[in-house]
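Residues per chain are reported as follows:
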Amino acid sequence: MIPEGNSKENIERFSGFAELYDRYRPEAPQLVVELLGNYLGRKPDLVMDLGCGTGLSTLIWGGRAERVIGVEPNADMRSEANRKLKGAAGPAERITFVPGYSNRLDTPDNSVDIITCSQSFHWMEPVSTLKEAHRVLKRGGVFAIYDCDWPPVLNWELEKEYLELTEKADDLVKRTMDKADQAVKRDKNGHLGALRDSGAFRFTREIVFHNAEHCDAERFIGLALSQGGIQTVFKLGLTALDSELETFRKHVEDFFQGESREIWFGYRLRLGVK
């Protein structure tokens, strides 16, 4: 049973393309581990990663916490996370992935040191999620929401095409699907305000940073295709974007010329200390 405040459409939004998502999306930067560890002031006993998806934001804690739990309601995403976990070694033994919801965590009061939401809090019901976080966090525990900006920094013309594609995909979905069947995506700019308004934290702030990665044409195209709106267009069997997607693909391949280039992901991390 889905707890009140959660949407089936939000949970199922990424069904069917977990492998593509995991192949092209960025792994969470190690800087996140360092920043949150500094705010906690010690090595965490337990980290919970809510809406962990395929584990891109969970596996970075291997060896950096005594125990790590990735919580993910989507079976496809969780299956991909467990597949990767089987191939990992050493510290990965302390990591587990479980089904669950951000506002109904299967853990005792005052038992968690750090809770993270990477690219996921905007899909959650914020009030009940923060209330549940306050329940399970230890005194001095850290709750962190972090997201990267889309698209990554590379070339203004390709970035413009990327944004136009995702905006058109979202518009197509809105015009094609009944409103009741659409996922509810909340404004990320409201995350810090939600932390402050919850009254659950003694200290809140926003931290902005970037992370450089290497990228080729295949990955840049894959990043665009991994956007939920575009995948929803595919699931609906719509072809209105086919021509523009093919043009985008050609422009990206022409730009990269078979080479790898450096791209930059800009991140915004909002945190609260209980």
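My aim in this report is to walk through the structure given alongside it, one point at a time. (Residues numbered from 1 in each chain as written. Predicted model: local features only at pLDDT ≥ 70, side-chain atom pairs only at ≥ 80, totals over all residues. Heavy atoms only, no water.)

**Let's talk about the environment of Glu12**
Summarising the element assignment, Glu12 is placed in helix α1 (residues 8-12). The exposure class assigned to Glu12 is partly exposed, which follows from its relative accessible area of 37%. Along the chain, Glu12 and Asn74 lie 62 residues apart, while their C-alpha atoms are 6.3 Å from each other. Apart from the residues within four sequence positions on either side, Glu12 is in contact with Asn74 and Lys235. (Helix = DSSP H or I, 4+ residues; strand = E, 2+ residues; numbered from the N terminus. Buried < 20%, exposed > 50% of the residue type's maximum accessible area, 1.4 Å probe, protein only. Contact = heavy atoms within 4.5 Å.)

**Considering the packing of aromatic side chains**
Evaluation of the coordinates by the stated rule reveals ten aromatic pairs. Summarising the aromatic geometry, the rings of Tyr162 and Phe220 are spaced 5.8 Å apart at their centres and angled 65° between planes, so their arrangement reads as edge-to-face. Here Phe220 lies in helix α8 (residues 217-225) and Tyr162 lies in helix α6 (residues 156-176), a separation of 58 residues in the sequence. As far as the burial class goes, Tyr162 and Phe220 line up, both buried. With centroids separated by 6.2 Å and ring planes inclined at 45°, the aromatic side chains of Phe220 and Phe256 adopt a geometry described as tilted. Here Phe220, found in helix α8, pairs with Phe256, found in helix α10 (residues 242-256); they are 36 residues apart in sequence, far enough to count as distant. Comparing Phe220 with Phe256, the two get one shared label, buried. An aromatic cluster is built from Tyr162, Phe220, Phe248, Phe255 and Phe256, whose rings are joined through pairwise contacts. Over the face of the ring belonging to Phe255 we find Arg261, whose NZ or CZ atom lies 4.4 Å from the ring centre. (Phe/Tyr/Trp six-rings, centres within 6.5 Å; stacked < 30°, edge-to-face > 60°. Lys NZ or Arg CZ within 6 Å of the ring centre and 35° of its normal.)

**Comments concerning the pattern of salt bridges**
Counted under the stated rule, the structure contains 18 salt bridges. The salt bridge partner of Glu206 is Arg270, with a shortest N-O separation of 2.8 Å. Of this pair, Glu206 sits in strand β6 (residues 203-215) while Arg270 is found in strand β7 (residues 261-273), placing the two residues 64 residues apart along the sequence. Arg270 sits in the buried class, given a relative accessible area of 3%. Across the pair Lys250 and Asp254 runs a salt bridge whose closest N-O atoms are separated by 2.9 Å. Residue Lys250 and its partner Asp254 are located together in helix α10, separated by four residues, close to a single helical turn. (Salt bridge = Lys/Arg side-chain N within 4 Å of Asp/Glu carboxyl O.)

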